[in-house]
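Results of the structural survey
Here are the chains, one letter per residue:
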Amino acid sequence: MINPYMLNEGRIKKVIKESGDVFTFHVEAHIKALPGQYNMLYAFGMGEAPITIAYSENDHIVHTIRSVGDVTKHIDTLKEGDILYYRGPYGNVWDLKSAYGKHLLIISGGLGLAATRWIYETALKEKHFFKSLLHLYGAKDYESLIYRYLYERWGIGKSFLITIDKPDERWKGHTGMITELLKDIEIEHDTVVFMCGPDPMVKACVLKLEERGLPAKEIYVSLERHMKCSVGTCGHCMMGPFFVCKDGPVFRYDKVREFFERKEV
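Structural notes, computed from the coordinates. (Residues numbered from 1 in each chain as written. Predicted model: local features only at pLDDT ≥ 70, side-chain atom pairs only at ≥ 80, totals over all residues. Heavy atoms only, no water.)

1. Side note on the nonpolar core
Ranked by internal contacts, the top residues of the largest apolar core, which has 53 residues, are Leu 104, Tyr 137, Leu 145, Tyr 147 and Phe 194. Those residues within four positions of Tyr 137 in sequence are excluded, and the remaining contacts are Ser 108, Gly 110, Leu 113, Ser 144, Leu 145, Ile 146, Tyr 151, Phe 160, Leu 161, Ile 162, Thr 163 and Ile 178. Core analysis: the next-biggest nonpolar cluster, separate from the first, contains 38 residues, Ile 107, Leu 134, Val 244 and Tyr 253 among them. (Core = buried A, V, L, I, M, F, W, Y, C linked by side-chain atoms within 4.5 Å. Buried < 20%, exposed > 50% of the residue type's maximum accessible area, 1.4 Å probe, protein only. Contact = heavy atoms within 4.5 Å.)

This is the structure in C-alpha cells:
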C-alpha cells in the first residue's frame, strides 16, 4: 500500500446470512491480498473493525462478519448494491510452502473458519504438494455452522471433518469438542498445523498435539485481537513484544506461547 490509511470503497455484490448474527459479504474490490491478511472495515461516525479476508479472487473479496459491536452491527445492515468502506490489506500470511512435502492439518473453531477458508481452498488446489491434507472444524451447535454451501466441495467426511459441541437431531455427524475429533486422527511427525479459533480451543488443541509428539514450532496460529491502527503505532494489539496487527496475525506458536498463555497479556 502506498498509503496505509487510505480509505477504499467496494460495492457489495452478494450478502449471505450464515447464521443468526453472522453474514458473509462478497464485495467488488480491486486489492491484492493473500490468505491470512485482513482489512479494517469502516463505518462513518462509528469507527473501524478488523475483519479477516475469507477469500479473494478476480477483483472481489469475501468478508464474514458477526454483529457484536456498533461497527459490525452497522455493516450487517448493508444490502447488495451498497458501498462497503475499508482500508487494507494488512498483516502477514499463512506460509503454505512450509507444509510442502509434509502432512498439512488445519484446525478451525467457530468463526475462525473464516480465517482458514482461503488457505484451505488454496491447499485443495495444491494438494499434490502434501503427503496428506485434513481440515477439522468445530462449532458450538448446528446453528453456528458457517459456509454449509461449501462443504461438499471441500470434501465433507473425507478431507473436511466437522464436529458440533451439542447434539442436534438435524446433525448426523460427529458430536463433541474438537479435541475429541483430534484424538481420532493420526498425527505424523512431519505434520504442519494451521489453526484459528477461540483462545481456549487453541490452547487445548496445542496441548493435545504436543501430547502426540508434535512440537510447537510446527503449529501456526492466527490470533484474534482487536486491532486499532493496523500499522503498529497505537499499541492496542500488543502481545509481549509483538504487534498482532503487523507482526501477525499469523504466528508460529512457539514464538508467542509465553505471551498468548499469560492471562494479563
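2. Section: the pairing of strand E4 (residues 47-52)
Bridge count for strand E3 (residues 38-43) against E4 is 6 bridges, and the pairing is antiparallel. Each bridged residue has a counterpart across the sheet, and for Leu 41 the counterpart in E4 is Ala 49. Between the end of E3 and the start of E4, which pair antiparallel, lie 3 residues, with Gly 45 showing a positive phi angle near 80 degrees. (Pairing = 2+ DSSP bridges. Helix = DSSP H or I, 4+ residues; strand = E, 2+ residues; numbered from the N terminus.)

3. Section: the sheet that holds strand E8 (residues 103-109)
Pairing is mixed across the open sheet formed by 7 strands, whose spatial order is E11-E10-E9-E8-E12-E13-E16. At either end of the open sheet lies a strand with only one pairing partner, and these are strand E11 (174-175) and strand E16 (250-252). Summarising the sheet, E8 and strand E12 (residues 191-196) pair through 6 bridges and their orientation is parallel. When the sheet's bridge partners are listed, Leu 105 is paired in E12 with Val 193.

4. Here's the deal with the pairing of strand E10 (residues 160-164)
When you tally the buried positions in E10, you get 5 out of 5 residues, the bulk of the element. Here E10 shows a buried face lined by Phe 160, Ile 162 and Ile 164 and a second buried face lined by Leu 161 and Thr 163. Across 5 bridges, strand E9 (residues 132-139) lies against E10 in parallel orientation. What sits directly across from Tyr 137, in E10, is Ile 162. Where E10 lies against E11, 2 bridges are found, and the strand directions are parallel. Note on E11: the bridge partner recorded for Thr 163 is His 174.

5. Description of the sheet that holds strand E5 (residues 55-57)
The 7 strands are arranged E4-E3-E7-E1-E2-E6-E5 in an open sheet whose pairing can be described as antiparallel. Whereas interior strands pair on both sides, the edge strands pair on one side only; in this sheet they are E4 and E5. Averaged over all pairs of adjacent strands, the angle between strand axes in this sheet comes to 35 degrees, irrespective of strand direction. Pairing between strand E2 (residues 22-28) and strand E6 (residues 60-66): 7 bridges, direction antiparallel. By the bridge assignment for E6, Thr 24 is matched with Thr 64. (Axes fitted to C-alpha atoms, helices over the stretch in contact; angles between N-to-C directions.)

6. Section: the side chain of Thr 179
Relative to the helices and strands, Thr 179 is located in helix H4 (residues 178-183). Those residues within four positions of Thr 179 in sequence are excluded, and the remaining contacts are Ala 204, Cys 205 and Lys 208.

7. What about the packing of aromatic side chains?
Tallied over the entire structure, the rule returns 19 aromatic pairs. For the pair Tyr 38 and Tyr 90, a centre-to-centre distance of 5.8 Å together with 35 degrees between the ring planes defines the contact as tilted. Note that Tyr 38 is positioned in strand E3 and Tyr 90 in strand E7 (residues 83-90), a separation of 52 residues in sequence. Taken individually, Tyr 38 and Tyr 90 each receive the classification buried, so the pair is uniform in this respect. For the pair Trp 154 and Phe 160, a centre-to-centre distance of 5.1 Å together with 75 degrees between the ring planes defines the contact as edge-to-face. Pair check on accessibility: Trp 154 and Phe 160 agree, each one buried. A network of ring pairs unites the aromatic residues Tyr 120, Tyr 137, Tyr 147, Tyr 149, Tyr 151, Trp 154 and Phe 160 as a single cluster. A cation over an aromatic ring shows up here: Arg 117 above the ring of Tyr 147, its NZ or CZ 4.7 Å from the ring centre. Lying across the ring of Phe 243, Lys 246 places its NZ or CZ 5.7 Å from the centre. (Phe/Tyr/Trp six-rings, centres within 6.5 Å; stacked < 30°, edge-to-face > 60°. Lys NZ or Arg CZ within 6 Å of the ring centre and 35° of its normal.)

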